[in-house]
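Read off the chains here:
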Amino acid sequence: MSIRAALALLGAALLLTGCGSGNSSNVSTTTSGESAATGVLNISTVDEHGKPVPSVEVEIERALDCDIAHKTISPGTSFTNHFSGTTDKTGKVELKDLPLGCYNISVDDPAGRHLAAGTAHAAFLTDTDPKQSLELKFGKSGHGASGECDPKEISDDLDLPPEQKNAQATIVECEPNWSIISWDVPGDSQRAVRVFGDKWVTYVKFPTDRCWQQAKHDGAPKSFQKYFQSC
């Protein structure tokens, strides 16, 4: 064998060795077929007596910014991974294959009913608790629950300055447990109020930079979307 041929063979061998070592350092650690962990959320809808409320449309969406350790969804966060379902005749719906994380929950209130004050509007799926059950309770009656918003009742419940408390109040919009109210005083007195416990409280004064996604997460009715920022 000539010296030139021997050198050519040696160079080829070195080239093959180099390629092999380079590839081995870049091998992916992902196993074929491996997927991210997911969870399951079982939702039941019941009335004030614990009886099933069927045919309720439920929508959930995962928050991009949340503190899952403290089960807190950050105000103004964006949402992704939208899932929806409708409860069956037993008032139950199961949402499967959900990426782990913090979820906002919203429903379309069935006719004549509304979510009871204090009902949870969020779920948190974690590695240690990937399968959860949540009960959404609907009611018909209660303080502010009938959708009849009494301006005097609201004014009496709120901590208002004297000139505003004694002024004429007007209901701009009324929903079960929620209202938009204003007073006949100089300046912008309009605010969104809601029922908390057994009384009306201020949710936000206008103008506001609060995002609709946050208000929706807090249970604000869909008709209130126009009052909030679309961030």
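The coordinates are above.
Residues numbered from 1 in each chain as written. Predicted model: local features only at pLDDT ≥ 70, side-chain atom pairs only at ≥ 80, totals over all residues. Heavy atoms only, no water.

> Give me the overall build of the protein chain: which residues, what numbers.
Per the secondary structure count, the protein chain includes 4 helices and 14 strands. The buried share of the protein chain, taken over its 231 residues, is 39%. Counting every atom, the protein chain has about 13400 Å² of accessible surface; 51% of that belongs to carbon and sulfur. (Helix = DSSP H or I, 4+ residues; strand = E, 2+ residues; numbered from the N terminus. Buried < 20%, exposed > 50% of the residue type's maximum accessible area, 1.4 Å probe, protein only. Areas by Shrake-Rupley, 256 points an atom, 1.4 Å probe, with all protein chains shown as cover.)

> Break down the sheet that holds strand S10 (residues 131–139) for me, with residues and values.
Within the open sheet, the 4 strands sit side by side as S6-S1-S10-S8. Their pairing is mixed. Either end of the sheet is taken by a strand with one partner, and the two such strands are strand S6 (92–99) and strand S8 (114–115). Pairing between S8 and S10: 2 bridges, direction antiparallel. Following the sheet pairing, Leu115 is matched in S10 by Phe138. (Pairing = 2+ DSSP bridges.)

> So what's going on with the packing of aromatic side chains? Residues and values would help.
Applying the stated rule across the entire model yields 7 aromatic pairs. Ring geometry for Tyr203 and Phe228: centres 6.2 Å apart, planes at 65°, overall edge-to-face. Within this pair, whereas Tyr203 is found in strand S14 (residues 199–205), its partner Phe228 is found in the segment after helix H4 (212–217), the two being separated by 25 residues in sequence. According to the relative accessible area criterion, Tyr203 is buried, its value standing at 12%. In this structure Phe228 comes out as buried when scored by relative accessible area, which is 7%. (Phe/Tyr/Trp six-rings, centres within 6.5 Å; stacked < 30°, edge-to-face > 60°.)

> How would you sum up the pairing of S10? Please name residues and give values.
As defined by bridge partners, strand S1 (residues 38–46) adjoins S10 across 7 bridges and the pair is classed as parallel. Of the residues in S10, the one forming a bridge with Ile43 is Leu134.

> Can you lay out the nonpolar core for me, pointing to particular residues and giving the numbers?
The biggest cluster of nonpolar side chains holds 18 residues, and the ones touching the most others in it are Leu41, Ile43, Val58, Ile60, Ile105 and Leu136. Of all the secondary structure elements, the ones that give two or more residues to this core are S1, strand S2 (57–63), S6, strand S7 (101–107), strand S9 (122–125) and S10. Beyond its immediate sequence surroundings of up to four residues, Ile43 is in contact with Val58, Ile60, Gly91, Lys92, Val93, Leu95, Leu134 and Leu136. (Core = buried A, V, L, I, M, F, W, Y, C linked by side-chain atoms within 4.5 Å. Contact = heavy atoms within 4.5 Å.)

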